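The primary structure of each chain is shown beneath.
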Amino acid sequence: FFGVVGKILYISDFARPNSWPTAAYLEFEEDITGLGRRGSDLLVFTGFGLFRVFGSTASSMRKIRVPTIEGCPVNMHNCIKEVTTGTMYVSHYGICLFYGAQVTNITNLLLRDFTLPANTAKDNRAEVFEDKYYLLGPDRDGWIVDLKGAVKVLKTTMRESSLHYRGVVNKLFSTAGY
């Protein structure tokens, strides 16, 4: 288990969420803005950075900086999602894909203009369904990044309130059906 306070990532003992050794922490240069995962690695996001964290015990965890300035802005942690090929998230500059070797800003490659679907950062939400990354908000049209085959970025009129997932039937419902 992991806990974050400012620039410090605290790490609990393996499978013991109530045991937090005093030496089991990692300090970063900037405040931590989000956590994600890729395989067995923990991904730690700062405003303009990304780190892979790994290890076998709480006190032996290590961090490796990923060479990028595509970090996660404050209050955008709800947009960090694992996909088949890696981890997708929203940076200051667009929608990014981290696939282990490097970070690719998909929207910079495929679009001229990119705007967030919500006026405030905390109102943006992302979900993944069948290899499609949905970035939605309450204010403006959202985005779909389709990762099947050739990567496509599509604008959608869906808002975050128009999608509902029902775990009982394992279906994502929208106003157009499921």
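Please refer to the structure higher up on the page.
This section reports on the structure supplied with the text. (Residues numbered from 1 in each chain as written. Predicted model: local features only at pLDDT ≥ 70, side-chain atom pairs only at ≥ 80, totals over all residues. Heavy atoms only, no water.)

1. A look at the environment of Asp131
Position of Asp131 relative to the elements: it lies in the loop between strand 12 (125-129) and strand 13 (132-136). Between the alpha carbons of Asp131 and Thr84 there is a distance of 6.8 Å; along the sequence they are 47 residues apart. Discounting chain neighbours no more than four positions away, the residues touching Asp131 are Thr84, Val145, Asp146, Leu147 and Lys148. (Helix = DSSP H or I, 4+ residues; strand = E, 2+ residues; numbered from the N terminus. Contact = heavy atoms within 4.5 Å.)

2. Considering a nonpolar patch on the surface
There is a patch of nonpolar side chains on the surface, built from Phe1, Val5, Tyr10, Trp20 and Tyr25 and spanning about 530 Å² of accessible area. Following the sequence through the fold, Trp20 ends up in the loop between strand 2 (8-11) and strand 3 (25-27). The exposure class of Trp20 is partly exposed, given its relative accessible area of 38%. (Patch = residues over 30% accessible without salt bridge, like charges linked within 9 Å, V, L, I, M, F, W, Y side chains within 5 Å. Areas by Shrake-Rupley, 256 points an atom, 1.4 Å probe, with all protein chains shown as cover. Salt bridge = Lys/Arg side-chain N within 4 Å of Asp/Glu carboxyl O. Buried < 20%, exposed > 50% of the residue type's maximum accessible area, 1.4 Å probe, protein only.)

3. Side note on the packing of aromatic side chains
Within a pair of aromatic rings, the relevant descriptors are the distance that separates the centres and the angle that separates the planes. Applying the stated criterion across every chain, the model contains four aromatic pairs. Summarising the aromatic geometry, the rings of Tyr10 and Tyr25 are spaced 6.3 Å apart at their centres and angled 45° between planes, so their arrangement reads as tilted. Taken together, the residues span a long stretch of sequence, with Tyr10 in strand 2 and Tyr25 in strand 3 at a distance of 15 residues. Tyr10 gets classed as partly exposed once you look at its relative accessible area, which sits at 33%. Taking the ring centre of Phe28 as reference, the NZ or CZ of Lys63 above it sits at 4.5 Å. Here Lys63 stacks its cationic end above the ring of Phe51, 5.7 Å away from the centre of that ring. (Phe/Tyr/Trp six-rings, centres within 6.5 Å; stacked < 30°, edge-to-face > 60°. Lys NZ or Arg CZ within 6 Å of the ring centre and 35° of its normal.)

4. Re the nonpolar core
Among the nonpolar cores identified, the biggest contains 25 residues, and Leu50, Met88, Tyr89, Ile95, Tyr133, Leu135 and Val145 are the most heavily contacted of them. Taken together, the elements giving at least two residues each to this core come down to strand 5 (41-46), strand 9 (86-90), strand 10 (95-98), strand 13 and strand 14 (142-146). For this core, the element with the most residues is strand 10, which contributes four residues. Other than its neighbours up to four places away in sequence, Val145 contacts Met88, Ile95, Ile106, Asp131, Lys132, Tyr133, Val151, Lys152 and Val153. In this structure, Phe28, Val44, Val53 and Met61 belong to the second largest nonpolar core, which totals 12 residues. (Core = buried A, V, L, I, M, F, W, Y, C linked by side-chain atoms within 4.5 Å.)

5. Examining the side chain of Thr33
Mapping Thr33 onto the fold places it in strand 4 (residues 32-38). On the accessibility criterion, Thr33 (13% relative accessible area) is buried. Side-chain polar atoms of Thr33 contact the backbone oxygen of Cys72, separated by 2.6 Å. Dropping the residues within four chain positions of it, Thr33 is found in contact with Phe45, Thr46, Gly47, Cys72, Pro73, Val74 and His77. (Polar contact = N/O pair within 3.5 Å; in protein donor to acceptor, adjacent residues only side chain to side chain.)

6. Some remarks on the sheet that holds strand 13
Spatially, four strands are ordered 12-13-14-15 in an open sheet, and the strand pairing comes out antiparallel. Looking at strand neighbours, the two that pair on one side only are strand 12 and strand 15 (152-156), the edges of this open sheet. Strand-to-strand twist across the sheet, computed as the mean angle between neighbouring axes with direction ignored, equals 20°. With five bridges joining them, strand 14 and strand 15 adopt antiparallel strand pairing. Residue pairing across strands places Trp143 opposite Lys155, the latter belonging to strand 15. (Pairing = 2+ DSSP bridges. Axes fitted to C-alpha atoms, helices over the stretch in contact; angles between N-to-C directions.)

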